[in-house]
Amino acid sequence: MKGFWDQKSECMSREQIHDLQSKKLAKLIKRVYTNVPYYRDKMQEKGVLPEDIKTMEDIEKLPFTTKQDLRETYPFGMFATPMEEIVRVHASSGTTGKQTVVGYTQNDIATWSELMARCFTMAGADRSSIFQVSYGYGLFTGGLGAHYGAERIGAATVPTSSGNTQRQINIMKDFGVTVLCCTPSYALYLAEAIEEAGLSLDDFKLTAGIFGAEPWTENMRGEIEKNLRIKAFDIYGLSEVMGPGVSMDCQYKNGLHIWEDHFYPEIINSQTCEVLPANTDGELVFTTLTKEGFPLIRYRTRDVSSISYEKCACGRTMARMSKPSGRTDDMLIIRGVNVFPSQIESVLLDVGETSPHYMIIVDRVGTLDTLEVQVELTADMLSDEVKKLEDTENKIRKGIETTLGLSAKITLVESKTIMRSEGKAKRVIDKRKFK
Ligand code: DLL
């Protein structure tokens, strides 16, 4: 049937999914207990043996894995196969500490390509599509992950990588690219650059965009869909768990389908580690059920989401995670209030009178935290009267106060003065960290 890459797997009954996961988990635990001393030690500390793990319900007996564990075993200590079996290595950027390194066997790369193929087919792409992969190629998983998936469905794949925006636009137009893969912030930048170059969207054949690698709101999706005249899909993943393609939303855009035959999701309370019920917000945790090179048990992603198990209108039975609202470590605490940058983005785009480019600046004056939101004027607002601009500022200020209960200084800045991003956007400057 059109719209599915692997309908049998994507539409299994919940019972089938549970049985398959249980079998895979038991096998995985035996393997890591034998091959990864770090996991064996942690299980022994908890008094758990591989034979104690028979069904998915037993997962709660197992210890969690954190980024810290990966750092302690840097670079290859958590690999579960000899290096002879590893064919690819990626690494996270390591901006907040030592980088984490992940390894893939030939089978892992094949599975990854297969899951990306499911994602891309879900977005309506097929062998007649022309893909432009503007995620960075290199140690980052975005470029090569998308590349292998696009080739797997037989699409013509153009590996532009990130950067050189003018060239990206020319290629998109001249090659008749139909599907764009990049971060949502870069998609917005590309749309702006197309307009600036005086080109018309009629000169492009773009129909869909597959965007991820950073949090983005529903309002931002609307903005991108309007500015590029495409359907925008949200793809999620992280290098430790695989890379892009752990989950993606379907045409109904009602949560991202997690490929549960390969990844077992849980939501926990990040303070107590208690497992939370469906449809409750908390920290997302994944166990990789089939990875050979670098399997992960109950890996704490630090991403905030919730999981729903209701069947989706698209026919897929795989659980859906809500659009991640941010990372627990990106959450700002301002005057005691928890703030995710995505909440501010939502307010800005709800008001909808400015451009969608913004920067959040947090500081401390004496003992008081301050919040400033800089947001760009659109080109046509430049000629607006002061009164009108003040009105816009007031609307945003009120919106933030209603949503977060925080007062904020709103600064409208000139068009094109906020830094554009070609990869993951930087939305926050927290000056308190330097005090
Ligand atoms: O960003 C993998 C990826 C590439 C995903 C391309 C999608 C597209 P990392 O660099 O390891 O891997 O960063 C992973 O990025 O834990 C989330 O915090 C964030 N993230 C990724 N996708 C989304 C998304 C790649 N769709 C970290 N929505 C994750 C929100 C996302 N956050």
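Residues numbered from 1 in each chain as written. Predicted model: local features only at pLDDT ≥ 70, side-chain atom pairs only at ≥ 80, totals over all residues. Heavy atoms only, no water.

(A) Representation of empty space enclosed by the protein in the model. For the coordinates displayed, the defined rule picks out two cavities of 30 Å³ or more. Approximately 70 Å³ is the volume found for the largest cavity. Around the largest cavity sit Y104, D108, T111, W112, L115, M242, H262, F263, T290 and K291, which together line it. The element best represented in the lining of the largest cavity is helix α5 (residues 106-122), accounting for four residues. Each residue belonging to the lining of the largest cavity can be placed in one class, and the counts come to five nonpolar, three polar and two charged. Taken as a whole, the second largest cavity spans an internal volume of roughly 50 Å³. Lining the second largest cavity we find L70, T73, Y74, P75, F76, G77, M78, F79, T100, V101 and F294. Looking at the lining of the second largest cavity residue by residue, the classes come out as eight nonpolar, three polar and no charged. (1 Å grid on protein atoms, 1.4 Å probe; cavity = no way out; pocket = protein on both sides within 12 Å on 5 of 7 lines; lining within 4 Å. Points joined across faces, edges and corners; volume = space filled by probe spheres on them. Helix = DSSP H or I, 4+ residues; strand = E, 2+ residues; numbered from the N terminus. Nonpolar A, V, L, I, M, F, W, Y, C, P; charged D, E, K, R; others polar.)

(B) Region of interest: the sheet that holds strand β9 (residues 256-258). Here we have nine strands laid out as an open sheet, ordered β4-β3-β5-β6-β7-β8-β9-β14-β13, and mixed in their pairing. Every interior strand has two partners, whereas the edge strands, β4 (156-158) and β13 (307-308), have only one. Across four bridges, the pairing between strand β5 (residues 179-182) and strand β6 (residues 208-212) is parallel. The partner of V179 across the bridge, within β6, is A208. Of the strands in this sheet, β5 and β6 touch helix α8 (residues 184-196), which is tilted by about 125° from β5. (Pairing = 2+ DSSP bridges. Contact = heavy atoms within 4.5 Å. Axes fitted to C-alpha atoms, helices over the stretch in contact; angles between N-to-C directions.)

(C) Up close: the sheet that holds strand β12 (residues 299-305). With antiparallel pairing, four strands are arranged side by side in an open sheet as β10-β11-β12-β15. On the outer flanks of this sheet lie β10 (263-268) and β15 (326-327), each paired with one strand and no other. In this sheet, strand β11 (residues 282-288) lies alongside β10 in antiparallel orientation, the contact comprising six bridges. Note on β11: the bridge partner recorded for E266 is V285.

(D) Region of interest: the domain arrangement of the chain. Domain boundaries in the chain define domain 1 (7-18 + 58-328) and domain 2 (334-434). Relative placement of domain 1 and domain 2: their C-alpha centres are 28 Å apart. Taken residue by residue, the interface counts 23 residues in domain 1 and 16 residues in domain 2. Summed over both sides, the interface of domain 1 with domain 2 buries roughly 1,700 Å², with 55% coming from carbon and sulfur. (Domains from an automatic or database assignment. Buried area = accessible area lost by both parts, 1.4 Å probe.)

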